[in-house]
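Structure assessment
Now for the letters of each chain:
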Amino acid sequence: MDIEQIARVVKLVESSQLHEVTIADNGQSITVVNNLGAQNNVSANPIEATPTHETEQTGSDVLQVGATYVGQVYLSEDDATDNLIKEGDHIQKGQTVCFIDELTRLQPVISNKEGVVTAVLVESGQNVEYGQPIFELSGVPI
C-alpha cells in the first residue's frame, strides 16, 4: 500500500458512517478508526477506549446506554434464553447489558453506569449504529 491509497481510505472513512475499517494487502494491514462522531463525548484523550457509549440527557437523572459497535443488537445470549435486561431492572457498573453482532463476532455491551432501566429503545435483531441509544436509565443517587 502506498501513502496515497492510505490517505484515500482515511478520507472515505471520515466521510462515511463507518466506525472502523481494516484493510490487508500483501501481508500488510492497516486499521482506520473513525472517532469524529465520538469526539464530542470524549474529554482529554480521544484514543482512550470506553466500554460503552453513554450520554446524559437534559434531565439530571436520565442516562442512555448506547451501541458500541455497528451491527445487530441482541438482548439475550441466544434465542432460547430471556433478555439480559428488561424495563425496571437495576444494572450495575461492569454488567453486560446486551450483545452486538459486529461482522459475525458477538461483542458484549458493558455498562459503566448504574441505574434502573426505564426504557428498552431497540428490539432484539434490530440493526444499530454506533452511539445509537439502546437503554434509557434513571440514575441512582449514591
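Here the structure is a predicted model, which is why all the values come from computation and not from measurement.

Attention shifts here to the overall build of the chain. Helix and strand counts for the chain come out as one helix and eleven strands. Along the chain direction, N to C, the helices and strands of the chain fall in the order α-β-β-β-β-β-β-β-β-β-β-β. By the burial criterion, 27% of the 142 residues in the chain qualify as buried. Residue pairs at least 24 apart in sequence account for 54% of intrachain contacts in the chain once pairs closer than 6 positions are excluded. A total accessible area of about 9,100 Å² is found for the chain, and carbon and sulfur atoms account for 48% of it.

This brings us to the pairing of strand β7 (residues 96-102). With five of seven residues buried, β7 lies mostly within the body of the structure. When β7 meets strand β8 (residues 105-110), the two strands line up antiparallel, connected through six bridges. Each residue of the ladder has a partner; that of F99, found in β8, is P108.

Further remarks concern the environment of S15. On the secondary structure map, S15 appears in helix α1 (residues 3-15). In this structure the C-alpha to C-alpha distance between S15 and N34, which are 19 residues apart in sequence, comes to 9.1 Å.

Reading across from one edge, β8-β7-β5-β10 is the order of the four strands in this open sheet, with antiparallel pairing throughout. Two strands close off the open sheet at either side, each with one partner strand: β8 and β10 (127-128). Pairing geometry for strand β5 (residues 71-74) and β10, over two bridges, is antiparallel. The partner of Q72 across the bridge, within β10, is N127.

This paragraph deals with unusual backbone geometry. In the Ramachandran plot, L103 falls in the positive-phi region, its phi being about 50 degrees despite a non-glycine side chain. A positive phi angle, close to 70 degrees, is found at T104, a residue other than glycine. By the element assignment, T104 lies in the loop between β7 and β8. A relative accessible area of 77% places T104 in the exposed class.

Attention shifts here to the environment of T68. With respect to the helices and strands, the residue T68 is situated in the loop between β4 (62-66) and β5. Expressed as a C-alpha distance, the spacing of T68 and H19, which sit 49 residues apart in the sequence, is 9.5 Å.

This paragraph deals with the confidence of the model for the chain. Mean pLDDT over the chain stands at 77; residues scoring 70 or higher make up 79%. Between the elements of the chain, mean pLDDT differs from a low of 44, seen in strand β3 (residues 53-56), to a high of 94, seen in β10. Overall, residues 38-58 carries pLDDT values under 50, and its contacts beyond four positions in sequence, including any with other chains, amount to 31 contacts.

Procedures and definitions
Residues numbered from 1 in each chain as written. Predicted model: local features only at pLDDT ≥ 70, side-chain atom pairs only at ≥ 80, totals over all residues. Heavy atoms only, no water. Helix = DSSP H or I, 4+ residues; strand = E, 2+ residues; numbered from the N terminus. Buried < 20%, exposed > 50% of the residue type's maximum accessible area, 1.4 Å probe, protein only. Contact = heavy atoms within 4.5 Å. Areas by Shrake-Rupley, 256 points an atom, 1.4 Å probe, with all protein chains shown as cover. Pairing = 2+ DSSP bridges. pLDDT = per-residue confidence, 0-100.

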